[in-house]
Amino acid sequence: ANGAAGRAGAFRDAARQRNLPLDVFEHDDPTISDLYGASLSLVRTDHFVAWRGDEVPDDPGALIDRIRGA
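In this numbering scheme, every chain counts its residues from 1 along its sequence in written order. With pLDDT at 70 or above as the cut-off, local features in this predicted model cover only qualifying residues; side-chain atom pairs require 80 or more to be listed or tallied, and sums for whole chains, interfaces and linings still use all residues. Think of the side-chain values as coming from all heavy atoms in the structure, minus any hydrogens and water.

Peer 1: Account for the nonpolar core, naming residues and giving values.
Peer 2: Counting residues in each nonpolar core, the largest one holds eight residues, listed as F11, A14, A15, L40, L42, W51, L63 and I64. To qualify as a helix, a DSSP run of H or I must reach at least 4 residues; to qualify as a strand, a run of E must reach at least 2; elements of each kind are numbered from the N terminus. For this core, the secondary-structure elements that each account for two or more residues are α2 (9-17), β1 (40-43) and α4 (60-68). If you tally residues by element for this core, the top one is α2, at three residues. For this analysis, residues touch if any pair of their heavy atoms sits within 4.5 Å. Not counting chain neighbours up to four residues away, the residues in contact with A14 comprise P60, G61 and I64. Joining through side-chain atoms within 4.5 Å is the link that ties buried Ala, Val, Leu, Ile, Met, Phe, Trp, Tyr and Cys residues into a set, and such a set is a nonpolar core. Between buried and exposed lies partly exposed: a residue is buried under 20% and exposed over 50% of the maximum accessible area for its type, with that area taken using a 1.4 Å probe on protein chains only.

Peer 1: Lay out the layout of surface pockets in plain terms, naming residues and giving numbers.
Peer 2: Here the largest pocket is characterised by a volume of approximately 880 Å³. In this analysis the probe radius is 1.4 Å and the grid spacing 1 Å, with only protein atoms considered; a cavity is a set of points the probe fits into but cannot get out of, a pocket is an open set with protein on both sides within 12 Å along at least five of seven lines, and lining residues have an atom within 4 Å of a point. Lining the largest pocket we find 26 residues, and of these L22, D23, S41, L42 and V43 sit closest to its centre. Mapped onto the lining of the largest pocket, the elements with two or more residues apiece are α2, α3 (30-36), β1 and α4. Per-element accounting of the lining of the largest pocket gives the leading share, four residues, to β1. Note that Gly is not counted as nonpolar here; it falls among the polar residues with everything else outside the nonpolar set of Ala, Val, Leu, Ile, Met, Phe, Trp, Tyr, Cys and Pro and the charged set of Asp, Glu, Lys and Arg. Looking at side-chain class alone, the lining of the largest pocket contains 18 nonpolar, five polar and three charged residues. Grid points are joined across faces, edges and corners, and a volume is the space filled by probe spheres set on the points.

Now the structure itself:
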């Protein structure tokens, strides 16, 4: 899978290792991508956009740890 859900697998795995919930929302609406300025976004449960980019970072676990303050 090369869509957002497929690329989000590394985030899903890193979240699972940390017992954190992570939902993946895949869309094909360019308006949403334009709104976020990237094809991938991590949005916290309080609706704060914690990260966005077009590629999954090399260490998504480190990014998740930084976002959650670990």
